[in-house]
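# Summary of the model geometry
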Amino acid sequence: MGKIASTPIKPLEILRKSIDKNIMVEVRGSKLYSGVLEGYDVYMNLVIKNAQETLGQKGSNVFQRLLVRGDNVIFVSPSLGDAS
Amino acid sequence: MGKIASTPIKPLEILRKSIDKNIMVEVRGSKLYSGVLEGYDVYMNLVIKNAQETLGQKGSNVFQRLLVRGDNVIFVSPSLGDAS
Amino acid sequence: MGKIASTPIKPLEILRKSIDKNIMVEVRGSKLYSGVLEGYDVYMNLVIKNAQETLGQKGSNVFQRLLVRGDNVIFVSPSLGDAS
Amino acid sequence: MGKIASTPIKPLEILRKSIDKNIMVEVRGSKLYSGVLEGYDVYMNLVIKNAQETLGQKGSNVFQRLLVRGDNVIFVSPSLGDAS
Amino acid sequence: MGKIASTPIKPLEILRKSIDKNIMVEVRGSKLYSGVLEGYDVYMNLVIKNAQETLGQKGSNVFQRLLVRGDNVIFVSPSLGDAS
Amino acid sequence: MGKIASTPIKPLEILRKSIDKNIMVEVRGSKLYSGVLEGYDVYMNLVIKNAQETLGQKGSNVFQRLLVRGDNVIFVSPSLGDAS
Amino acid sequence: MGKIASTPIKPLEILRKSIDKNIMVEVRGSKLYSGVLEGYDVYMNLVIKNAQETLGQKGSNVFQRLLVRGDNVIFVSPSLGDAS
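### Some thoughts on the overall build of chain A
- Along the backbone of chain A there are one helix and five strands.
- When the helices and strands of chain A are listed from N to C terminus, the series reads α-β-β-β-β-β.
- Among the 84 residues that make up chain A, the fraction classed as buried is 49%.
- Looking at chain A alone, contacts between residues at least 24 apart form 40% of all its contacts between residues at least 6 apart.
- With the model as given, the accessible surface of chain A reaches about 4,000 Å², and the carbon-plus-sulfur share is 53%.

### Describing the interface of chain A and chain G
- Opposite the 29 residues of chain A that make contact, chain G presents 25 residues.
- Summed over both partners, the interface of chain A with chain G comes to about 2,200 Å²; 54% of that surface belongs to carbon and sulfur atoms.
- Across the contact surface, chain A and chain G share two salt bridges.
- Taking the shortest distance from any N to any O, the salt bridge between A:Glu26 and G:Lys31 comes out at 2.4 Å.
- Here chain A and chain G share nine residue pairs in polar contact (both at pLDDT 80 or more) between them.
- Going through the elements one at a time, helix H1 (11-17), strand E1 (22-27) and strand E5 (73-78) of chain A are the ones with two or more residues in the side of chain A that touches chain G.

### Brief notes about the layout of surface pockets
- By volume, the largest pocket amounts to about 880 Å³.
- Looking at side-chain class alone, the lining of the largest pocket contains two nonpolar, no polar and 17 charged residues.

### Overview of the interface of chain F and chain E
- Each partner contributes to the interface: chain F provides 28 residues, whereas chain E provides 24 residues.
- Surface buried jointly by chain F and chain E totals about 2,200 Å² across both partners, of which 54% is contributed by carbon and sulfur atoms.
- Across the contact surface, chain F and chain E share two salt bridges.
- Where chain F touches chain E, the interface holds nine residue pairs in polar contact (both at pLDDT 80 or more).
- No other element matches strand E5 (residues 73-78) of chain F, which puts six residues into the side of chain F that touches chain E.
- Residues of the side of chain F that touches chain E, tallied by class, amount to 18 nonpolar, seven polar and three charged.
- Judged from the two bridges that link them, strand E4 (residues 60-68) of chain E and E5(F) form a sheet pairing that is antiparallel. Considered in E5(F), the bridge of E:Val68 is made with F:Phe75.

### Details of the pairing of strand E5 (residues 73-78) of chain C
Residue and element names in this part refer to chain C.
- Burial analysis of E5 places six of its six residues in the buried class, the great majority of the element.
- Relative to E5, strand E1 (residues 22-27) runs antiparallel, the two being bridged by five bridges. Residue pairing for E5: Glu26 is matched across the bridge by Phe75.

### A word on the relation of the copies chain A and chain G
- When chain A is fitted to chain G, the residual RMSD is 0.0 Å, and the transformation amounts to a turn of 51° plus an axial shift of 0.0 Å.
- Each copy contacts the other with its own distinct surface, as only 3% of the interface residues of chain A are interface residues in chain G too.

### Examining the confidence of the model for chain A
- For chain A, the mean per-residue pLDDT works out to 87, and 83% of the residues sit at or above 70.
- Scored by ipTM, the complex comes to 0.87, with pTM at 0.88.

### Considering the pattern of salt bridges
- Inspection of every chain in the model, using the stated rule, returns 35 salt bridges over all chains.
- Ionic pairing is found between G:Asp71 and G:Arg69, a salt bridge with its closest N-O pair at 3.3 Å.

### Description of the pairing of strand E4 (residues 60-68) of chain D
- Pairing of strand E3 (residues 46-55) of chain D with E4(D), which is carried by eight bridges, proceeds in the antiparallel orientation. Bridge assignment links D:Lys49 to a residue of E4(D), and that residue is D:Arg65.

### Some thoughts on unusual backbone geometry
- The backbone phi angle of D:Asp20 is positive, close to 70°, even though this residue is not glycine.
- Assignment of secondary structure puts D:Asp20 in the loop between helix H1 (11-17) and strand E1 (22-27).
- In this structure, F:Asn50 takes a positive phi of about 50° despite not being glycine.

### A look at the packing of aromatic side chains
- Summed over all chains, the structure comprises 14 aromatic pairs over all chains.
- Taking the centre distance of 6.1 Å and the plane angle of 75° together, the rings of A:Phe75 and G:Tyr33 count as edge-to-face. Placement of the pair is A:Phe75 in strand E5 and G:Tyr33 in strand E2 (residues 31-40), with the two residues belonging to separate chains.
- Through a chain of ring-to-ring contacts, the aromatic side chains of A:Tyr33, A:Phe63 and B:Phe75 assemble into a single cluster.

### With respect to the environment of G:Tyr33
- We classify G:Tyr33 as buried; its relative accessible area is 1%.
- Here G:Tyr33 is in contact with A:Glu26, A:Phe75, G:Ile23, G:Met24, G:Val25, G:Val27, G:Ile48, G:Gln52, G:Glu53, G:Phe63 and G:Leu66, once residues within four sequence places are set aside.
- Of the polar contacts made by the side chain of G:Tyr33, one reaches the side chain of G:Glu53; its length is 2.6 Å.

Conventions we followed
Residues numbered from 1 in each chain as written. Chains lettered and ligands numbered in written order. Predicted model: local features only at pLDDT ≥ 70, side-chain atom pairs only at ≥ 80, totals over all residues. Heavy atoms only, no water. Helix = DSSP H or I, 4+ residues; strand = E, 2+ residues; numbered from the N terminus. Buried < 20%, exposed > 50% of the residue type's maximum accessible area, 1.4 Å probe, protein only. Contact = heavy atoms within 4.5 Å. Areas by Shrake-Rupley, 256 points an atom, 1.4 Å probe, with all protein chains shown as cover. Buried area = accessible area lost by both parts, 1.4 Å probe. Salt bridge = Lys/Arg side-chain N within 4 Å of Asp/Glu carboxyl O. Polar contact = N/O pair within 3.5 Å; in protein donor to acceptor, adjacent residues only side chain to side chain. 1 Å grid on protein atoms, 1.4 Å probe; cavity = no way out; pocket = protein on both sides within 12 Å on 5 of 7 lines; lining within 4 Å. Points joined across faces, edges and corners; volume = space filled by probe spheres on them. Nonpolar A, V, L, I, M, F, W, Y, C, P; charged D, E, K, R; others polar. Pairing = 2+ DSSP bridges. Least-squares fit on C-alpha atoms with pLDDT ≥ 70 in both. pLDDT = per-residue confidence, 0-100. Phe/Tyr/Trp six-rings, centres within 6.5 Å; stacked < 30°, edge-to-face > 60°.

Listed below in structure tokens is the structure:
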């Protein structure tokens, strides 16, 4: 809890900085995708490379490339070590 | 995880590049459609040719042509080998 | 999977071309309607003539004319032989 | 399935033509209302006179007048013999 | 079913005419509120005085004044004898 | 049921008049919050001081300050004795 | 319950004042995140550092950084001692 306020980060900055880096995305319906962020737009539509899908206990699929509609995004997390 | 950032991909570019190619689409309600993308618009409304529908364990239907309302799209994945 | 890209189809074109032809519509709540498309607008509100409703196993109803609110449309499929 | 395309019907025309006539409306939550359409607007908000409510097996209520919010409308069907 | 079409009623007129009169409101989540309409706006936000809440079998609460967010309104019914 | 129509109350007026007074708020997911209204905006985002949360039978939490997103508000009720 | 009305707080002010401080966020799907607020925008998209996720009884995860889409936010609570 810093006492000196730093400049707030704009949420879309997180996406810009995550290009070509690993991210994890939670999508409505309790689905998680992890892969490399290739692109995004202001609606939070995301393009993910080598996206690995995890659905609770139901195993997982891999997609060479995935366009996720922003409407369904719950959160995006840059991977450890990748975020600046 | 590239160290040199490449130009981000615009999400709708994925759709433009997938015209006449195989895609897989997940639609709300745990439904998957695979077929050839014939058209799209900025709302992510999609036109799919020879769309094969898969609903969990409930078997599948084939539609010669399908107009999917963008609102219901969760993700679009270009097929392996088709994506540039 | 054509190697030469053809002109993409605009999704609403599918509706325009389906006027006076049979369509099948899926509506939220796992309901299917089949009938003749009489009209539509940009919100995908649809007017369907002789609309037969199918709800999973619960039998079916017929409506002489049905105005379906576009918000609830999941997909529209032109019938075989009718789509150009 | 007419071979000669007729002029498409605008969806809101169905409402305009149904004024003072019987309609049936399905509302989200599997509820059906039948009564006389007294008014509407572009949001599909509807005013229904002598609206009889049917909820699956749970019996029915009658409302002298009902203002249904358009957001909740799934479909509107003009009654047989009333639609032009 | 009148044969001579009368002027359609604008839905918000129903609210304007119900000011200071009893109404019944259904809200998403199967809740009913009855009370005196004190105010409204174009979003169908409603102000209800002496609002009695009924939730299926779960008994009822009374609120001296209630501001209901329009988003959640399913229908508004003026009480018998009050509507003009 | 007054016979002389009074001036309708604008719904957001209820919020303005409730500043520094106790309110009860129902939020989607059957949650109730009671506390002192410290602020609001036109989206019905609310700032509540000493907000006590009640979730059906699941006990309750207290938050020194709570920013509730307007989207999730079902109703706001000024407390007895506080509303003018 | 103050008798002298103070100036209402603008809801987004709560976010501005919480930069670099601990917050707790409830997200649709009964999930709670606590961590340090690093950024936000007018859509209530939030950037949270060292975000600890709690899902009812299902244990918890920690994310070095999390971008939460504003659509899914139910409430934000500044931590005790941090709010001004």
